[in-house]
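Coordinate inspection notes
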Amino acid sequence: MKVFEKAPAKINLSLDVLRKREDGYHEVEMVMTMVDLADRLEMQELNRDTIIISSQAGYIPLDEKNLAFQAARLIKDRYDVRKGVYIHLDKKIPVAAGLAGGSSDAAATLRGLNRLWKLDIPEDELMALGAELGSDVPFCVTGGTAVARGRGEKLEAIPSPPSCWVILAKPPLNVSTSEVYGKLRADRIARHPSVPDMIEAIRTKDFERVCGSLGNVLEDITLNLYPEVRQLKMCMEKLGTEGVLMSGSGPTVFGLVEKEAKAIRIYNGLRGFCKEVYAVRMLT
Ligand code: ATP
C-alpha cells in the first residue's frame, strides 16, 4: 500500500504582531495562503514497526529532527499503530526560507497516514495533532486561505485571493525565525499592516487592493539585518511586480503579478540577480 500527498508552500499576505504575551509568545494576526510550489511525499506501509525517511535533498535531517518523521511518530503513538512507514520527500520548497516547507511536510504526513492506515481521523483532530508539531502545521493541514490569530493556531477560513502569478526569490542565506522575533519590539512597531483591509480585498477579489494591503511587521527587521534581502525587494519592484513582500521571517521575497507574460519577464530578469527563483500560480 502506497499513498501520495502534495505539500504546498505557504506565504503570508499580511503578518501583524499585536503584542508580546505573558507566556513569551507573540499575539499575531496573519493572512496565509498557499502557492503552487510543492514538495511531493510518497508514503509506503512497512510491516516492521519503524519510520524511515529519505529525500533527494541533501540538506535536511532524515532522522527524528525531520518534521515528517515527528508527524509519523505522533500519529503512530496516539492511534497505537504497530505498522511502519517509509516516507520519501521529494523537496521542491526551499528550506529555511519562510515558506513553511517543513510544516507542510508534517501536515501532508498526517493527511497521508490517516488515509494509508484508514484511521478516519476528522480534520479538526488532525489539526490539533499538527499544533503539537508547530504553529504553522494546523493551517497546512487544511490549506486554502485563512486568518490566523492567537499564537497562530486560531484559524478562520476565508475565500481564496484573486488568481495571479507569484514570483518567489530566495537569496542564499539562512534567517533564524527566533532571532527575527527576538529583535521585534511589539510595543514599538511603527506601522501595522491592516489585516481587515487585506481580508476585504480578498473577499472582493480586488487584486490591486490585495497588492496595496500587503504588509509584514518582520520585514524591516530582516531587511536591516540582511541588506541583500532589501536589494532583492527593490529589484523586484523595479522589474514591475504589482506588489512585493517578504514571506514570514524571510529571506524569501515574493512578488504578485496578474499577467503571465509579465510574470515570465520578471522571472527571467530576476534569474540574473538571484539563483533560486520560481514563478508559480497562487492556489485558488
Ligand atoms: P518556518 O517559516 O515555519 O520557520 P521555514 O520555511 O523558514 O519554516 P523550513 O523549510 O520548514 O523553514 O525548515 C526549517 C528547519 O527545519 C530547517 O533548518 C530544517 O533542517 C528543518 N526541517 C525539519 N524537517 C524538515 C522538512 N521536512 N523539510 C525541510 N526542513 C525541515
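Nothing here was measured: the structure is a model prediction, and the numbers come from that model.

Focus on the layout of surface pockets
- Estimated volume of the largest pocket: approximately 1,100 Å³.
- Along the walls of the largest pocket sit 41 residues, with Ala100, Ser103, Ser135, Asp136 and Thr177 positioned nearest its centre.
- Elements with a minimum of two residues in the lining of the largest pocket: strand 1 (2-20), strand 2 (26-46), helix 2 (101-116) and helix 5 (177-183).
- If one sorts the elements of the lining of the largest pocket by residue count, helix 2 sits on top with four residues.
- Considered class by class, the residues forming the lining of the largest pocket number 19 nonpolar, 15 polar and seven charged.
- Lining the lining of the largest pocket are residues from two domains, each supplying at least three of them: domain 1 (2-157) and domain 2 (165-281).

Remarks on the domain arrangement of the chain
- Examined at the domain level, the chain breaks down into domain 1 (2-157) and domain 2 (165-281).
- A separation of 23 Å is found between the C-alpha centroids of domain 1 and domain 2.
- Across the contact, 28 residues belong to domain 1 and 32 residues belong to domain 2.
- The contact between domain 1 and domain 2 buries some 2,300 Å² in all, and 65% of this surface belongs to carbon and sulfur atoms.
- Summed over the shared surface of domain 1 and domain 2, the result is zero salt bridges.
- Our count for the domain 1 to domain 2 interface comes out at eight residue pairs in polar contact (both at pLDDT 80 or more).
- Residue classes in the side of domain 1 that touches domain 2 are distributed as 14 nonpolar, five polar and nine charged.

Criteria and thresholds
The numbers attached to residues start from 1 for each chain and follow its sequence in the written order. In keeping with the model being predicted, local features are shown solely for residues with a pLDDT of at least 70 and side-chain atom pairs are shown and tallied solely at 80 or more, while totals for entire chains, interfaces and linings include all residues. Hydrogens and waters are ignored; side-chain quantities use all the structure's heavy atoms. Cavity and pocket criteria rest on a 1 Å grid covering protein atoms alone: a 1.4 Å probe that fits but cannot get out defines a cavity, protein on both sides within 12 Å along at least 5 of 7 lines defines an open pocket, and an atom within 4 Å of a point defines a lining residue. Grid points are joined across faces, edges and corners, and a volume is the space filled by probe spheres set on the points. To qualify as a helix, a DSSP run of H or I must reach at least 4 residues; to qualify as a strand, a run of E must reach at least 2; elements of each kind are numbered from the N terminus. Think of it as three bins: nonpolar holds Ala, Val, Leu, Ile, Met, Phe, Trp, Tyr, Cys and Pro, charged holds Asp, Glu, Lys and Arg, and polar takes everything else, Gly as well. As used throughout, domain bounds are those supplied by an automatic or database domain assignment. Contact definition: two residues touch when any of their heavy atoms are within 4.5 Å. Buried area adds together the accessible area that both of two parts lose upon being put together, with accessible area traced by a 1.4 Å probe. Salt bridges are defined by distance alone: a side-chain nitrogen of Lys or Arg within 4 Å of a carboxyl oxygen of Asp or Glu. For this analysis, a polar contact is any N or O atom pair within 3.5 Å, provided that within protein one partner can donate a hydrogen and the other can accept it, and provided that sequence-adjacent residues contribute only side-chain to side-chain pairs.

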